[in-house]
Amino acid sequence: MTLAQTVDALRRSFDAGTTKPLAWRLAQLAALRRMLTERSAELEDALLADLAKNPTESQVAELGFVVSEIDHITRRLRRWLKPRRVTVPGAILPARASIVREPLGVVLVIAPWNYPVQLLLAPVVGALAAGNAVLLKPSELAPATSAALARLIPEYLDTRAVAVVEGGVEQTTELLEQRFDHIFYTGNARVGRIVAAAAVPNLTPITLELGGKSPVYVDDTVDPEAAALRIAWGKFMNAGQTCVAPDYILATQAVAARLAPALAAAVRELYGDDPATSPDYGRIVNDRQFDRLTGLLDAGTTIIGGVSDPVTRYLAPTVLTDVPRDAAVMGEEIFGPVLPIVPVSGLDEAIGIIAGGDKPLALYVFSSSRRVRRRILTETSSGAVGFGVPAAHLAVAGLPFGGVGESGMGAYHGENSVRTFSHEKAVLTKSLKPDTMRLIYPPYTEAKDRFVRGLLRKLS
Ligand code: NAD
């Protein structure tokens, strides 16, 4: 089948109403859940092959994550799909108004390599729950996971309405030439712009889940050891290849002096004295990323790490301190296990740096001061804010997950996914009798004018 024929087949299924019944949607979610539990070993092996991802971490951040999302949505879907009544203004009464969620049609989901199961399937859960047909495009840079998903998904899901297309730039480019009713893209902002441009001819709505540098601010009101352990966990998970990983730390010299050794101790606690031998520490996805990352190590003072091995693509968890703002490592999203600490004079300078750059996907603050937290919330903009913990916000299904500005547009998870993949249709129902509308029809007499003005005054 050509790509065009694949999309056509999905559209025919959608048009035939295959995906609309609640029972079909719930059955698909249940089947996906079964796939993730019955075939977890195959998927864990694939993640180990692609990213040396520890199976426990794969459960937490990939398979188990999607299962939780399925459970959260399954339990609430019937309620979320009920028409939602809204108030009707007095001038239109008697009448009923409601919002009805309807599926969009055929949705394209394009995923990246770093969490190749979660970032492909979590959006798909939302798309199916909302009653769409879906075409999935896994990342070619996680080839074992891509192959496993392409093999397993047709075994479990309804192939009339769900299809997987593997491939890289060439296939994705051809896919983007097809007409979709929504494109959901996760990855870097350069390709995000390609996706946005491809969406223009058909006015296709898009969600862009992008990345960027997510800053951390630490002040002297918190215990540096406790903060360091949280930061090290969020940073070095998946060898730093996490879109919401802390990218760099802003702290005063005094705080940095206590935080840097605490981070080194945290790395040892998580991965031992030689992380190269830890089964819990991942590897860099490919040579291109490895070369880029090792080129960023030459900045400030290395507190721990800095060691690498091109053969196994091992790059040690690395903490750099006294890093100047114009260092190469501060010029781009790091997306690897390198954690620079940039000295600042205090909160004002930190806020200046954060607010002066691209809006981050996430911003993390370790401070017990309410004033600091309030200032961060009101004086900066980011996809999310984590006070006291990095990355974990994305596991709260009730929170919208997405970026703002350069870190993306749109959001998903839980009900936000259903909203993203639905059209919210406005429905107004008014009986023909009594015909109260007559009072505002022409011809406009003086009496009607007085009535209308009086009514508007009363309503305002
Ligand atoms: P990637 O290279 O796997 O690319 C993502 C997808 O885009 C792939 O499916 C790929 O086939 C496709 N693609 C690549 N080039 C293309 C082109 N020219 N035209 C059309 N499609 C193309 O992943 P990546 O972009 O390296 O991912 C890392 C980036 O993604 C980082 O910036 C990271 O912060 C961001 N990210 C964001 C989130 C989030 O949820 N917001 C999650 C993970 C990663």
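The residue numbering used here restarts from 1 in each chain and proceeds along that chain's sequence as written. Totals for whole chains, interfaces and linings use every residue, but because this is a predicted model, local features are given only for residues with pLDDT of at least 70 and side-chain atom pairs only at 80 or more, for both listing and counting. The basis for every side-chain value is the complete set of heavy atoms in the structure, and neither hydrogens nor water enter the calculation.

Overview of the environment of Thr221
Turning to step 1, where the next piece is worked out: Relative to the elements of secondary structure, Thr221 occurs in the loop between strand S8 (215–218) and helix H9 (224–236).
Turning to step 2, where the next piece is worked out: Burial classes: relative accessible area under 20% of the type maximum marks a residue as buried, over 50% as exposed, and values in between as partly exposed (1.4 Å probe, protein chains only). Judged by its relative accessible area of 37%, Thr221 falls in the partly exposed class.
Turning to step 3, where the next piece is worked out: Residues Thr221 and Ser368, spaced 147 residues apart in sequence, show a C-alpha to C-alpha distance of 5.7 Å.
Turning to step 4, where the next piece is worked out: Setting aside residues up to four positions removed in sequence, Thr221 forms contacts with Ser367, Ser368 and Ser369. Only DSSP runs of H or I covering at least 4 residues are called helices, and only runs of E covering at least 2 are called strands; the numbering of each starts at the N terminus. In this description, contact between two residues means that some pair of their heavy atoms is separated by no more than 4.5 Å.

Points about the pattern of salt bridges
Turning to step 1, where the next piece is worked out: By definition, a salt bridge exists where a carboxyl oxygen of Asp or Glu is found within 4 Å of a side-chain nitrogen of Lys or Arg. One pass over the structure, following the stated rule, counts 22 salt bridges.
Turning to step 2, where the next piece is worked out: Of the charged contacts in the structure, one is a salt bridge between Arg39 and Glu155, with a shortest N-O distance of 2.8 Å. Highlighted residues: Arg39 in the loop between helix H2 (22–38) and helix H3 (40–51) and Glu155 in helix H6 (residues 143–156), separated in sequence by 116 residues.
Turning to step 3, where the next piece is worked out: Arg39 gets classed as buried once you look at its relative accessible area, which sits at 18%.

A look at the pairing of S8
Turning to step 1, where the next piece is worked out: Burial along S8 is two-sided: the residues Pro215 and Tyr217 and Val216 and Val218 are all buried.
Turning to step 2, where the next piece is worked out: Any two strands with at least two DSSP bridges between them are considered paired. Strand direction decides the pairing type here: S8 and strand S9 (residues 248–251), joined by three bridges, are parallel. Counted as the bridge partner of Tyr217 is Leu250 from S9.
Turning to step 3, where the next piece is worked out: Note: S8 against strand S15 (residues 362–366), three bridges, orientation parallel.

A look at the sheet that holds strand S2 (residues 96–103)
Turning to step 1, where the next piece is worked out: Within the open sheet, the three strands sit side by side as S1-S2-S18. Their pairing is antiparallel. Both edges of this open sheet fall to strand S1 (84–86) and strand S18 (422–429), since each of them pairs with a single strand only. Averaged over all adjacent pairs, the angle separating strand axes in this sheet is 30 degrees, with direction ignored.
Turning to step 2, where the next piece is worked out: Here S2 runs beside S18; their pairing, made up of eight bridges, is antiparallel. Within S18, the residue paired with Glu102 across the bridge is His423. Under this scheme, a helix contributes an axis fitted over its contacting stretch, all axes are lines through C-alpha atoms, and angles between N-to-C directions fall in the 0 to 180 degree range.

What about the environment of Gln289?
Turning to step 1, where the next piece is worked out: Mapping Gln289 onto the fold places it in helix H11 (residues 287–294).
Turning to step 2, where the next piece is worked out: Taking relative accessible area as the criterion, Gln289 reaches 10% and is therefore assigned buried.
Turning to step 3, where the next piece is worked out: Among all residues touching Gln289, those that are not within four sequence positions of it are Trp113 and Ile284.

Digging into the sheet that holds strand S7 (residues 206–209)
Turning to step 1, where the next piece is worked out: Ordered in space as S5-S4-S3-S6-S7-S17, the six strands form an open sheet in which the pairing is mixed. The two strands at the open ends of the sheet, each matched to only one other strand, are strand S5 (162–164) and strand S17 (408–409).
Turning to step 2, where the next piece is worked out: Of the pairings in the sheet, the one linking strand S3 (residues 106–110) to strand S4 (residues 133–137) comprises five bridges and is parallel in character. Looking at the pairing, Ile110 lines up with Lys137 of S4.

Comments concerning the packing of aromatic side chains
Pairs of aromatic rings are described using the distance from one ring centre to the other and the angle between the two planes.
Turning to step 1, where the next piece is worked out: Centres within 6.5 Å are what make two rings of Phe, Tyr or Trp a pair, Trp counting through its six-membered ring; a difference in plane orientation under 30 degrees is then read as stacked, over 60 as edge-to-face, and the rest as tilted. In this structure the tally under the stated criterion is six aromatic pairs.
Turning to step 2, where the next piece is worked out: With a centroid separation of 6.0 Å and an interplanar angle of 55 degrees, the aromatic rings of Phe401 and Tyr412 are classed as tilted. Of this pair, Phe401 sits in the loop between strand S16 (384–387) and S17 while Tyr412 sits in the loop between S17 and helix H14 (415–420), and the two are 11 residues apart along the sequence.
Turning to step 3, where the next piece is worked out: Counting every residue linked through ring pairs, the aromatic cluster contains Phe184, Phe401, Tyr412 and Phe421.
Turning to step 4, where the next piece is worked out: Either the NZ atom of lysine or the CZ atom of arginine qualifies as a charge over a ring when it sits within 6 Å of the ring centre and within 35 degrees of the ring normal. Directly above the ring of Tyr115 sits Lys53, whose terminal nitrogen or CZ lies 3.7 Å from the centroid.

Overview of the domain arrangement of the protein
Turning to step 1, where the next piece is worked out: Where a domain begins and ends is set by an automatic assignment or by a domain database. Each assigned domain of the protein is listed here: domain 1 (3–210 + 409–423) and domain 2 (215–402).
Turning to step 2, where the next piece is worked out: One C-alpha centre belongs to domain 1, the other to domain 2, and the line joining them spans 30 Å.
Turning to step 3, where the next piece is worked out: The contact between domain 1 and domain 2 buries some 1,800 Å² in all, and 54% of this surface belongs to carbon and sulfur atoms.
Turning to step 4, where the next piece is worked out: Buried area, as used here, totals the accessible surface that two parts lose on assembly, with accessibility defined by a 1.4 Å probe and the loss added over both. A per-residue breakdown of the area domain 1 buries against domain 2 is headed by Trp113, Tyr115 and His413, which together make up 25% of the total.
Turning to step 5, where the next piece is worked out: Put simply, domain 1 and domain 2 have zero salt bridges between them.
Turning to step 6, where the next piece is worked out: Of all the elements in the fold, those that place two or more residues in the side of domain 1 that touches domain 2 are H3 and helix H4 (55–81).
Turning to step 7, where the next piece is worked out: With four residues, H4 is the largest single contributor of residues to the side of domain 1 that touches domain 2.
Turning to step 8, where the next piece is worked out: In this count, Pro and Cys sit with the nonpolar residues alongside Ala, Val, Leu, Ile, Met, Phe, Trp and Tyr, while Asp, Glu, Lys and Arg are called charged and the others, Gly among them, polar. A per-class count over the side of domain 1 that touches domain 2 returns nine nonpolar, eight polar and five charged.

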